[in-house]
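If you want the building blocks of each chain, they are given just below.
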Amino acid sequence: MDLMQDIINRAKANLQRIVLPEGTDERTLRAADRLLTDKVAHIILIGDPNEISQLTTQYGLSHIQEATIINPVHHEKKEVYIHLLLELRQKKGMTPKQAATLVENPLYLACLMIKAGDADGEIAGADNTTGDVLRPALQIIKTVPGISSVSGAFIMFIKDKSYGDDGIMVFADCAVIPDPTADELTQIAVSTAQTTRNIVGVEPRIAMLSFSTKGSTSHPRVDKVAEATRLAKKMAPDLKIDGELQADAALVEAIGLKKAPGSEIAGKANVLVFPSLEVGNIAYKLVQRLGGAEAVGPILQGMAAPVNDLSRGCSSDDIYKMVAIAANQAIGMKSAK
């Protein structure tokens, strides 16, 4: 099962418009050239056209001319986007002067393009912090109805194929919410289920993890996970979800049968929802570094349109993969509507 190739193939079959606001970054340009060569998505680059042209020649790229290139300072829809930003933020005190300035910021412009229906998703973060990427996204694109919390998932490609679905699992939240409440954990679980369906293409089997299995330990942190499991079942009755479960009970069938008899998730989980960000972040990095797994992400969840944040240490290959993933998110969101 080559999931990444499946993701790329699905993107090729239903081309989406993905905007890359860091249009003069070398890794971004190299990824864009490859994406256009492979016809994975319609690419929109934001940046000075003359600089992009010079860099294209410098790097020996051959397909950048197929991208839509938007000059953030001078373009035909600038006034439309200024008006849209004012409409969205005027009640928060934004002035026309502030809107005219912000609309020239590539990160704001990318989100306005998505909000206006001129793009389907965004990938950024190679040159910007997570806060800088998320701020305009939350102000302009906002979250999915019924979801107020944005979270981050990783697709984990594990060498031992006996885990998850042929070695593929989804971990969350590993990127955004430091100490989620029961309600936030509920939203993380529901959002991760959607990510699993849209990108991995399988039905999620969600384990809500803790240091206790089915009341084996009493603690407020255990109660939080148990409550989140109850709320998630109420919010999405179709979900296959169980908790609280220890990691071994979630992953190993023999242990699951012993610790949580009768559970349809214990020993069979393909999605792990962690009780806090420190646990999730540590867990995915340990599995990645000590277990030799490949971690793809973070995939931001809960946004009304795909906006994915890159690590500033990312490679052009990381950007290529995240564009394909964002395209799959967009396809899934459109299908759900």
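One can find the structure itself at the top, above this paragraph.
Here the structure is a predicted model, which means the values were calculated and not measured.

Procedures and definitions
Residues numbered from 1 in each chain as written. Predicted model: local features only at pLDDT ≥ 70, side-chain atom pairs only at ≥ 80, totals over all residues. Heavy atoms only, no water. Helix = DSSP H or I, 4+ residues; strand = E, 2+ residues; numbered from the N terminus. Expected span 1.5 Å × (residues − 1). Buried < 20%, exposed > 50% of the residue type's maximum accessible area, 1.4 Å probe, protein only. Arc of directions from axis to C-beta. Contact = heavy atoms within 4.5 Å. Polar contact = N/O pair within 3.5 Å; in protein donor to acceptor, adjacent residues only side chain to side chain. Pairing = 2+ DSSP bridges. Axes fitted to C-alpha atoms, helices over the stretch in contact; angles between N-to-C directions. Patch = residues over 30% accessible without salt bridge, like charges linked within 9 Å, V, L, I, M, F, W, Y side chains within 5 Å. Areas by Shrake-Rupley, 256 points an atom, 1.4 Å probe, with all protein chains shown as cover. Salt bridge = Lys/Arg side-chain N within 4 Å of Asp/Glu carboxyl O. Parallel < 35°, antiparallel > 145°, perpendicular 65-115°, else oblique. Left-handed = near helix turned anticlockwise from the far one by under 90°. Nonpolar A, V, L, I, M, F, W, Y, C, P; charged D, E, K, R; others polar.

## Description of helix α9 (residues 220-235)
For α9, which comprises 16 residues, the first-to-last C-alpha distance of 22 Å matches the rise-based estimate of 22 Å (1.5 Å per residue) to within 8%. Those residues of α9 not exposed but buried are Val222, Lys224, Val225, Ala228, Thr229 and Ala232. Buried residues of α9, seen end-on, are gathered within an arc of 155° and therefore sit on one face of the element. For α9, the exposed residues lying more than 90 degrees away from the buried face are Pro220 and Lys234. Looking at the buried positions of α9, the neighbouring elements they touch are α8 (182-200), β7 (205-209) and β8 (240-245).

## Examining the environment of Lys142
Here Lys142 shows up in the loop between α7 (130-141) and β5 (151-157). Ignoring any residue separated from it by four or fewer positions in sequence, one finds Lys142 in contact with Ala137, Met303 and Ala304. At 3.0 Å, the side chain of Lys142 forms a polar contact with the backbone oxygen of Gln139.

## Some remarks on the sheet that holds strand β11 (residues 307-309)
Taken in spatial order, the five strands make up an open sheet running β3-β2-β1-β4-β11, and their pairing is parallel. With one partner strand each, in any of the chains shown, β3 (68-70) and β11 form the two edges of the open sheet. The average undirected angle you get between the axes of adjacent strands in this sheet is 20°. Pairing geometry for strand β1 (residues 17-20) and strand β2 (residues 42-46), over four bridges, is parallel. Directly across from Ile18, in β2, lies its bridge partner Ile43. Across the sheet, α7 lies against β4 (121-124) and β11, angled at about 165° from β11, the strand it touches most.

## Section: a nonpolar patch on the surface
A contiguous nonpolar surface patch, about 330 Å² in accessible area, is contributed by Ile282, Leu286 and Leu290. Within the fold, Ile282 resides in helix α12 (residues 277-289).

## Concerning the packing of α8 against α9
Relative to each other, α8 and α9 sit at 50°, their axes nearing to 8 Å. With respect to α9, the axis of α8 lies oblique. When you trace α8 past α9, the crossing you get is right-handed. Each of Ala182, Asp183, Leu185, Thr186 and Val190 in α8 lies in contact with α9, whose residues at this interface are Lys224, Val225, Glu227, Ala228, Leu231, Ala232 and Met235. Of the residues in the contact of α8 with α9, the class split is eight nonpolar, one polar and three charged.

## Details of the sheet that holds strand β10 (residues 294-301)
With mixed pairing, six strands are arranged side by side in an open sheet as β8-β7-β9-β6-β5-β10. Edge positions in the sheet fall to β8 and β10, since each of these pairs with one other strand and no more. Sheet twist, expressed as the average angle between the axes of neighbouring strands with direction ignored, equals 20°. Strand direction decides the pairing type here: β7 and β8, joined by five bridges, are parallel. In the strand pairing of β8, Leu209 is matched with Leu245.

## With respect to the packing of helix α1 (residues 3-13) against α8
For the pair α1 and α8, interaxial distance at closest approach is 10 Å and the crossing angle is 80°. If you check the angle between α1 and α8, you find them roughly perpendicular. Here Leu3, Ile7 and Arg10 of α1 come into contact with α8, specifically with Asn198, Ile199 and Val200. Split by residue class, the contact of α1 with α8 holds four nonpolar, one polar and one charged.

## Points about the pattern of salt bridges
Applying the stated criterion across every chain yields a total of 19 salt bridges. A salt bridge links Arg27 to Asp127, with the nearest nitrogen and oxygen atoms 3.7 Å apart. With Arg27 in helix α2 (residues 26-38) and Asp127 in the loop between β4 and α7, this pair connects stretches of sequence that are 100 residues apart. Owing to a relative accessible area of 47%, Asp127 belongs among the partly exposed residues under this scheme. In this structure, Arg34 engages Asp317 in a salt bridge whose closest nitrogen and oxygen atoms are separated by 2.9 Å. Taken together, the residues span a long stretch of sequence, with Arg34 in helix α2 and Asp317 in helix α13 (residues 316-336) at a distance of 283 residues. One network of salt bridges, in which partners are shared, links Arg34, Glu294, Asp317 and Lys321.

## Structural notes on helix α6 (residues 106-115)
In terms of burial, α6 is a largely internal element, eight of the ten residues being buried. For α6, the complete set of buried residues consists of Leu107, Tyr108, Leu109, Ala110, Cys111, Leu112, Met113 and Ile114. You can read the cap of α6 off the contacts: a side-chain oxygen lies 2.8 Å from the backbone nitrogen of Leu107, and it is on Asn105. Immediately beyond the C-terminal end of α6, within one or two residues, lies Gly117, with a positive phi of roughly 85°.

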